[in-house]
Amino acid sequence: MSDPVVADTRRLNSKPQDLTDAYGPPSNFLEIDVYDPQIVGVGRGRYTTYEVRMRTNLPIFKLKDSCVRRRYSDFEWLKNELERDSKIVVPPLPGKALKRQLPFRSDEGLFDESFIEERRSGLEQFINRIAGHPLAQNERCLHMFLQEETIDRNYIPGKV
Amino acid sequence: EHLGQSIIEAAMSFFGFGQSADIDIVLNDAETRKKAEHRSEDGRKDKYFLFYDGETVSGKVNVTLKYPGKRLEHNGIKIEFIGQIEMYYDRGNHHEFVSLVKDLARPGELTQSQTFDFEFTHVEKPYESYTGQNVKLRYFLRATVGRRLNDISKELDLVVHTLSTYPELNSSIKMEVGIEDCLHIEFEYNKSKYHLKDVIVGKIYFLLVRIKIKHMEIDIIKRETTGTGPNVYHENDTIAKYEIMDGAPVRGESIPIRLFLAGYELTPTMRDINKKFSVRYYLNLVLIDEEERRYFKQQEITLWRKGDIVRKSMSHQAAIASQRFEGTSNPEKFRGHNSEEDTS
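Residues numbered from 1 in each chain as written. Chains lettered and ligands numbered in written order. Predicted model: local features only at pLDDT ≥ 70, side-chain atom pairs only at ≥ 80, totals over all residues. Heavy atoms only, no water.

*Asks:* An account of the overall build of chain B is needed here, citing residue identities and associated values.
*Replies:* The helix and strand inventory of chain B stands at two helices and 22 strands. Evaluated residue by residue, chain B yields a buried proportion of 49% over its 344 residues. Within chain B, residue pairs in contact and separated by at least 24 positions form 68% of the contacts whose partners lie at least 6 positions apart. For chain B, the computed accessible surface area is about 17,800 Å², with 47% contributed by carbon and sulfur atoms. (Helix = DSSP H or I, 4+ residues; strand = E, 2+ residues; numbered from the N terminus. Buried < 20%, exposed > 50% of the residue type's maximum accessible area, 1.4 Å probe, protein only. Contact = heavy atoms within 4.5 Å. Areas by Shrake-Rupley, 256 points an atom, 1.4 Å probe, with all protein chains shown as cover.)

This is the structure in structure tokens:
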């Protein structure tokens, strides 16, 4: 067997790509928008809700287009559920802003426009990061958070 | 008169006034023998004479008296050829797997500087020289002039390479891996055994992509394993990181791999050397998504050292050594190898 002078570096044979795969929509489409903050309630019981709209073509989600209203404590609930049940490292939520709940502030406190915008953006980052995680996608709590109108806090935790 | 002389010499030696000598080891083929670069423990790269298994090691030991005219009493002069393994966590204990000695002079005295010839014929050098993170395997000549109080010795480090030729069986590595309903890929590497100047040719074929991939890289990982039983210690070192894809792939896409090994500091795969240590190599295919999550698949490859084209000027022993099959235990078996003239 004679020594080849130059190694064969030609590409390995591969199947030509189907054009519908090449130019079709990608199978990993997942976008979640957190927007339209609304203040609900009166007086000291007021709180802010956000619209959480998910658009996806991932088969694991029952609805390809869903829209629900959620408040900050709902996001906290989701974070706790995932930290307890799943093996993922859950990203941080935007701050709890307890100081803003104290009286005698010079600004609007929890309902200050720039604060709400900051929080909205942080919540949007948070939910997009989680929803894209393959292990989080197996958790019932995530599906309930994104696609059911209300969160049943007495639900039975489990995998989808 | 002799006894008095010895006492005076011992006293002079004690105070540093005694006769001493410098030792020099010179190989007979120092002019023609090739040198190889080898990285030492402190990270420096030095050149050493290169030997192969079966080659004869011959030369001269020059003993030069420091103070001409004064005699040097000694307990014998010898030269040793040693191959040893040294574990860094147990420095005192050297495990010698080759230990040859030639006596050059019986106990007596040298009245003038002298040169001694030596030859270690067809020396077995079963393993390659290796300097690693936790273990070192080295070969060296050590010439010693024995004396009552303190020996005079000199070492000459040598480097040994183990050669193989193209293995009979060299199947490709082809595997489908993935995360259910999420990411499925088929990866293929053209061989499972690569020589140190080889090229890894392969491809990654995407069967299913439901995550947002940002890029893909292939890493070469060296794992040095020392110790046995419950005291096994693995030291992993990423020798190379080579990006093969930047951007998000879709189903049906095929990403080529072409990774030239010559650019990296690699050694041949060393398995269970003298039951003391191993050095193994792995290809790690790593996919990273937009959230910096990493998905990876590790696969072992065997690295071997290819002998250079056989030149007529090469010693006969080296020619035999270059034709040994990778992985065979019988060193005598070899296939016909085309001798080619050096065309440069």
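Read on for the rest.
*Asks:* Any chance you could break down the sheet that holds strand β4 (residues 57-65) of chain B for me, citing the residues and the numbers?
*Replies:* All names here are of chain B. Strands sit in the order β1-β4-β9 across an open sheet of three strands; the sheet is antiparallel. Among the strands making up the open sheet, the edge pair consists of β1 (21-27) and β9 (114-120). Taking each pair of neighbouring strands and ignoring which way they run, the sheet shows an average axis angle of 20°. (Pairing = 2+ DSSP bridges. Axes fitted to C-alpha atoms, helices over the stretch in contact; angles between N-to-C directions.)

*Asks:* Provide a residue-level description of the interface of chain A and chain B, including the pertinent values.
*Replies:* Each side of the interface is counted separately: chain A has 26 residues, and chain B has 28 residues. With a shortest N-O distance of 3.1 Å, B:Arg251 and A:Asp21 are connected by a salt bridge. Our enumeration of links across chain A and chain B arrives at ten residue pairs in polar contact (both at pLDDT 80 or more). Considering only residue class, the side of chain A that touches chain B consists of ten nonpolar, nine polar and seven charged. (Salt bridge = Lys/Arg side-chain N within 4 Å of Asp/Glu carboxyl O. Polar contact = N/O pair within 3.5 Å; in protein donor to acceptor, adjacent residues only side chain to side chain. Nonpolar A, V, L, I, M, F, W, Y, C, P; charged D, E, K, R; others polar.)

*Asks:* Any chance you could break down the environment of B:Pro268 for me, citing the residues and the numbers?
*Replies:* Within the secondary structure, B:Pro268 is located in the loop between β19 (254-260) and β20 (270-273). Apart from residues no more than four positions distant in its own chain, B:Pro268 is found in contact with B:Glu128, B:Thr162, B:Leu196, B:Val279, B:Tyr281, B:Leu303, B:Trp304 and B:Arg305.

*Asks:* Let's hear about the packing of helix α3 (residues 113-131) of chain A against helix α4 (residues 140-147) of chain A: which residues, and what values?
*Replies:* Residues and elements named next belong to chain A. For the pair α3 and α4, interaxial distance at closest approach is 12 Å and the crossing angle is 135°. As the angle between them shows, α3 and α4 are arranged oblique. Note on packing geometry: the crossing formed by α3 with α4 is left-handed. Between α3 and α4, the residues in contact are Ile127, Ile130 and Ala131 and Leu142, Phe145 and Leu146, respectively. (Parallel < 35°, antiparallel > 145°, perpendicular 65-115°, else oblique. Left-handed = near helix turned anticlockwise from the far one by under 90°.)

*Asks:* How would you sum up the UniProt feature "domain: PX" (unreviewed entry) in chain A? Please name residues and give values.
*Replies:* UniProt records the feature "domain: PX" (unreviewed entry) for residues 28-152 of chain A in the present numbering. Secondary structure content for residues 28-152 of chain A is 33% helix and 22% strand, and the end C-alpha separation is 29 Å. (UniProt positions renumbered as here; feature names shortened; annotations may be inferred.)

*Asks:* Describe the sheet that holds strand β16 (residues 199-209) of chain B, listing the residues and the values that go with them.
*Replies:* Residues and elements named next belong to chain B. Here four strands make up an open sheet; going across it, the order is β13-β14-β16-β19 and the pairing antiparallel. Two strands close off the open sheet at either side, each with one partner strand: β13 (173-179) and β19. With strand direction ignored, the average angle separating the axes of adjacent strands in the sheet is 20°.

*Asks:* Pulling in residues and values, what's your account of α3(A)?
*Replies:* Residue and element names in this part refer to chain A. Its 19 residues give α3 an end-to-end C-alpha distance of 27 Å, which sits within 8% of 27 Å, the value for a rise of 1.5 Å per residue. Among the residues of α3, those classed as buried are Phe115, Ile116, Arg119, Arg120, Gly122, Leu123, Phe126, Ile127, Ile130 and Ala131. Among the structural elements, β1 (30-40), β2 (47-56), α2 (72-85) and α4 are those in contact with the buried residues of α3. (Expected span 1.5 Å × (residues − 1).)

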